[in-house]
Amino acid sequence: MKIKSIVIIIASLMMLSICAQAQGPISPLRLAINDLIKTYDKAYPHGQEFLSKLDKFEANEIYKANLEQLQREALIANPLVSAKPILFVVRKQYAGDHHNTETMFEIGQNNIDGKFTGGSALKLIDLASGRVKTLIDLPEGLIRDPEIYFSAKKIVFSMRKNRADSYHIYEINANGSGLKGLTTANGVSDIDPIYMPNDNIVFTSTRDPKIVGCNVHVVCNLFGMESDGANIRQLSKNPLFDGHPSLMPDGRILYDRWEYVDRAFGDAQGLWTANPDGTNLAVYYGNNTPSPGGVIDGKIIPGTDFAVASLVCCHDRPWGAIGIIDRSKGLDGRTPIIKTWPANAIDFVRDPGAANAAWDLIGGANPKYEDPYPLSSKYFLCSRMTGNDEQMGIYLLDIFGNEILLHQEAPGCYDPMPLIPRTRPQMIPSKRKYDTSDGAFYIQNVYLGTHMKSVEPGIVKYLRVVETPPKIARTYTSWGGQGVQLPGVNWHDFMNKRILGTVPVEADGSVSFSAPSDKFIYFQLLDKDGMMVQSMRSGALLQPGEKAGCIGCHEDRRTASPTPANPPIAFKRAPSKLKGWYGPARNFNYLSEIQPIFDKNCVSCHDFGKPAGMKLILARDKDFIFNASYIELWRKNYIRVVGAGPAEIQQPYTWGSHASKLIEVIKNGHEDIQLSLEELDRLITWVDINAPYYPDYATAYPNNLAGRSPLNGGQIRRLGELAGTDFNSNASWNGNRGPQISFDRPDLSPCLSQIRGKNEAACKEAIAIIQAGQNTIKNNPDCDMPGFKPCEADAQRLARYKQLEDMELKAREAIRNMTKVYDEK
């Protein structure tokens, strides 16, 4: 039967189920029994008997007391449920942490204490007989994320033997024999393994040990290895989290991705696809959906183009609701979600731009579900709350409205799936190299796209390529931007930036350019003056040697692209080269890239104690966290940027240099100031890349205010007592009162105005404290100044990152040489 026909049948059955549920439990059960009779015939031998009993129940109220037993008997008789054993994991629910991605509680992370709870098992249950078989019992450890091989003769999974261990990938025969470890690296978490069509294994790992931008826990990317654990290589390079991979019928990988380029953190988890070698990244659903905050653990429903996934909160465990997604109806919002469990979960789904959206709304749906597994287009296994506190059991769901508990045991049951053979998809040939060579991007027409309709052809002249480097360092003191930054990095956004270069856009809107591999990058369209017209607020990645293409900017990925009358101009020449930005590519540093412009042209008037300074200070003086000019431009709204903005795609010209007062004033002429073309372009570029400040997350002062102040907590408290103010309120953008301190010129610190001339002893002591901070900066500058050295903890993290990066390069070398390297035992 064609997929389109199946989709129509499923949609009709769902409508019937809605009507049936309104009539009580008998009608959904009748629909399911009739479907099972039609689908399985003799393999469902008692179908007519079940219907006869159901007829009696409808005719006689006495029988209705036994309806639950009949429902269980009839639905478990489904061959998909009872013909073969169901594999599942026994464990306790993961402890709550800040985000749904943190379930590893890795050794060396701050949140390990009290979070990892051992006591787990890998089991099989034969629902026809009720017999349970234990494959592995782990009293002190934890088993998670099993996956069954195509022949159903072996199982791959992740296991941590005890609290002191790390999660490693293991394999075991389906009869419980032959347990063997495939990965052994210390200090990393390897989870979520799945089999590939060529017997390789893809999994999720912290082997690229980055820190989440809005908190302090480690995050994962996708990795691949050979069937024996050899040649482990990285497949994704997201600066945040990629996880829960599943194999699609066409051989691609469906996975969930959390990343927030110039946007908020809480509504930025959606489903994406990639080839098994990490090439051909593409959004699947939910990247711009404001609620639910996370769409995770997706799997394609057999025989359909639908997916089933968990709809979860950003700030919770990886549980919530379950939804069926029909992406033919859209890539975001409510319409593509055609069914949910529980039924009222759809009420918490919001479309892009919805006024009442909040990323943790879905937490209002109860009970909680997770681990969806599609048995067919109509029947699903999952884990669900049993009603006994947080304990989860194995449930059977169907599209007719039936929902029954199949099995429960303490402390909880997870990851149910049938031990049955499945079709092996065709392997997609690799399109990458295993070195560090560049790749290339090809864009047919930048004017094609859902948010480019207002831009006239010919307006866009250039395309800028910007990298968002990973966060490798962290602190436990924070700046309150949008959420928390640990340490403080920017006024509102979480990302530091690295401009790789600018390339021409041809007259027909086409672009082609080479770009470095293994970098998380995004694109901006610029007009003739180098001002941003539109910006991508997500990331792209090239594998070495990969050639990737787009039809346009924010184009509708569900429709066929228009065929141009002539080959795109940019495709007929060699790809353009990226040449950096006023020198080699480097992390953007406000203090060295932008402040010198104000020093040269503006500070003679816009300084402390001068009339123009009453309106706007553009001096370089360092405050506790940022410097004076940066604070003033942000808090007085001289720049209009998206910051860590909303989930939905923004319209052209709505933020950036075209919308910012600073650029308008300069371009229209201000006093006698004449900026050079380079100076003006630097300011425009800074605004357009979302006005960042720090070049790095590493810091010299990890224990001080926002991880950036040269004064420690005791010094700040004493200074606050002397000046009569609470400086801790300055550690967030919405509480910031403007520049208070000048570590460059302590006597000019604005906080002294409250005591100068009134209490000279207090003023003198306050100046001495500020001078102590000045000396600290001189002897141990932070990362925005020359001579910076990371604190010891950050230096160790950077060294560890380099060590694991070297392991990646060794694996790529082995693949090129057709040899094998393994984790060290």
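Details of the structure are given in the entry above.
What you see is a predicted model, and the numbers here were worked out from it, not measured in a lab.

**Regarding helix 14 (residues 792-816)**
Quick reminder: α-helices carry 3.6 residues per turn. Residues three or four places apart thus point the same way.
At step 1: End to end, helix 14 covers 36 Å across 25 residues, agreeing with the expected 36 Å (1.5 Å per residue, within 8%).
At step 2: Among all positions in helix 14, only Asp-794, Tyr-801, Leu-804, Glu-808, Ala-811, Arg-812, Ala-814 and Ile-815 are buried.
At step 3: On its buried face, helix 14 is in contact with strand 9 (201-211), strand 10 (218-225) and strand 11 (233-234).
At step 4: With its phi angle positive at about 55°, Met-818 sits one or two positions after the end of helix 14.

**Some points on the sheet that holds strand 26 (residues 462-467)**
At step 1: The four strands lie next to each other as 27-26-29-30, forming an open sheet whose pairing is antiparallel. Taken across any chain shown, the strands that pair with only one partner, and hence form the sheet edges, are strand 27 (498-504) and strand 30 (532-535). Between one strand and the next, the sheet's axes are offset by a mean angle of 25°, whatever the strand orientation.
At step 2: Here strand 29 (residues 521-526) runs beside strand 30; their pairing, made up of three bridges, is antiparallel. Each bridged residue has a counterpart across the sheet, and for Gln-524 the counterpart in strand 30 is Ser-535.

**Comments concerning the packing of aromatic side chains**
A ring pair, where both rings are aromatic, is described by two values, the distance of the centres and the angle of the planes.
At step 1: Using the criterion set out here, one finds 34 aromatic pairs in the structure.
At step 2: For the ring pair Tyr-590 and Tyr-630, a centre distance of 5.1 Å and an interplane angle of 70° mean the geometry is edge-to-face. A residue pair is termed long-range when its members are at least 10 positions apart, and Tyr-590 in helix 6 (residues 590-593) and Tyr-630 in helix 9 (residues 628-635) qualify at 40 residues.
At step 3: Measuring from centroid to centroid gives 6.2 Å for Phe-624 and Phe-743, while their planes differ by 75°, and the two rings are edge-to-face. Placement of Phe-624 in the loop between helix 8 (611-615) and helix 9 and of Phe-743 in the loop between helix 12 (713-723) and helix 13 (760-779) is noted, with a sequence separation of 119 residues between them.
At step 4: Overall, the relative accessible area of 1% leaves Phe-624 in the buried class.
At step 5: Given the relative accessible area of 2%, Phe-743 is considered buried.
At step 6: Between the NZ or CZ atom of Arg-327 and the centre of the ring of Tyr-284, over which it lies, the distance is 4.6 Å.

**What about the nonpolar core?**
At step 1: Residues Tyr-260, Leu-463, Phe-523, Phe-624 and Trp-686 are the most contacted members of the largest nonpolar core, which totals 124 residues.
At step 2: It is helix 13 that provides the largest number of residues to this core, a total of seven residues.
At step 3: When residues no more than four places from it in sequence are discounted, the contact partners of Phe-523 are Phe-441, Ile-443, Leu-463, Arg-464, Val-465, Phe-513, Ser-535, Met-536 and Ala-540.
At step 4: If you look at the next biggest cluster of nonpolar residues, it comprises 64 residues, including Ile-155, Phe-157, Tyr-373 and Leu-397.

**Comments concerning the sheet that holds strand 24 (residues 413-418)**
At step 1: In spatial order, the strands read 3-2-1-24; together these four strands make up an open sheet with antiparallel pairing. On the outer flanks of this sheet lie strand 3 (131-138) and strand 24, each paired with one strand and no other. Across the sheet, the mean angle separating the axes of adjacent strands is 20° when strand polarity is ignored.
At step 2: Looking at chain direction, strand 2 (residues 120-126) and strand 3 are connected through seven bridges and run antiparallel. In the sheet register, Lys-123 faces strand 3, and the bridge partner there is Thr-134.

**What about the pairing of strand 23 (residues 403-407)?**
Regular strands have side chains that alternate between both faces of the sheet.
At step 1: Strand direction decides the pairing type here: strand 22 (residues 392-398) and strand 23, joined by four bridges, are antiparallel. Within strand 23, the residue paired with Tyr-395 across the bridge is Leu-405.
At step 2: Connecting strand 22 to the next strand, strand 23, in antiparallel fashion are four residues, including Gly-401 with a positive phi near 110°.

**Quick notes on the environment of Pro-504**
At step 1: Topologically, Pro-504 is positioned in strand 27.
At step 2: Here Pro-504 falls in the partly exposed class, since its relative accessible area comes to 36%.
At step 3: Taking the C-alpha atoms as reference points, Pro-504 and Leu-525, 21 residues apart in sequence, are found 9.9 Å from one another.
At step 4: If we skip the residues at most four places from it in the chain, Pro-504 touches Lys-461, Tyr-462, Ser-510, Val-511, Arg-573 and Ser-576.

**A closer look at the environment of His-99**
At step 1: Position of His-99 among the secondary structure elements: in the loop between strand 1 (86-90) and strand 2.
At step 2: When the C-alpha positions of His-99 and Pro-318 are compared, they lie 8.4 Å apart, and in sequence the two are 219 residues distant.

**Points about unusual backbone geometry**
At step 1: Between Asn-366 and Pro-367 the backbone carries a cis peptide bond, its omega angle lying at 0°.
At step 2: Counting through the fold element by element, Pro-367 comes out in the loop between strand 19 (337-341) and strand 20 (369-374).
At step 3: In this structure, the amide linkage connecting Leu-486 to the following residue, Pro-487, adopts the cis form with an omega of 5°.
At step 4: Its location among the elements puts Pro-487 in the loop between strand 26 and strand 27.
At step 5: Even without a glycine there, the phi angle at Ala-691 is positive, about 50°.
At step 6: Mapping Ala-691 onto the fold places it in the loop between helix 11 (677-688) and helix 12.
At step 7: Classification of Ala-691 by relative accessible area gives buried; the value is 0%.

Calculation criteria
Just so you know, the residues in each chain are numbered from 1, in the order the chain's sequence is written. Local features in this predicted model are restricted to residues of pLDDT 70 or higher, and side-chain atom pairs are both shown and tallied only at a pLDDT of 80 or more, whereas totals for entire chains, interfaces and linings draw on every residue. In computing side-chain values, all of the structure's heavy atoms are included and hydrogens and water are not. Helix and strand definitions here come from DSSP, where helices need a minimum of 4 consecutive H or I residues and strands a minimum of 2 consecutive E residues; each element is numbered from the N-terminal end. In a helix, the anticipated span is given by 1.5 Å times the number of residues less one. Only protein chains enter the accessibility calculation, which uses a 1.4 Å probe; a residue whose area is less than 20% of its type maximum is buried, one above 50% is exposed, and one in between is partly exposed. By definition in these notes, contact holds between two residues if any of their heavy atoms fall within 4.5 Å. By the convention used here, strands pair only if DSSP detects at least 2 bridges between them. Note on geometry: axes are lines fitted to C-alpha atoms, helical ones only across the stretch in contact, with angles between N-to-C directions running from 0 to 180 degrees. Only centres within 6.5 Å qualify two rings of Phe, Tyr or Trp (six-membered ring in Trp) as a pair; their planes then separate them into stacked at under 30 degrees, edge-to-face at over 60, and tilted for everything else. The rule for a charge over a ring is simple: NZ of Lys or CZ of Arg within 6 Å of the ring centre, and within 35 degrees of the ring normal. Here, nonpolar core refers to any group of buried Ala, Val, Leu, Ile, Met, Phe, Trp, Tyr and Cys residues whose side-chain atoms link them within 4.5 Å.

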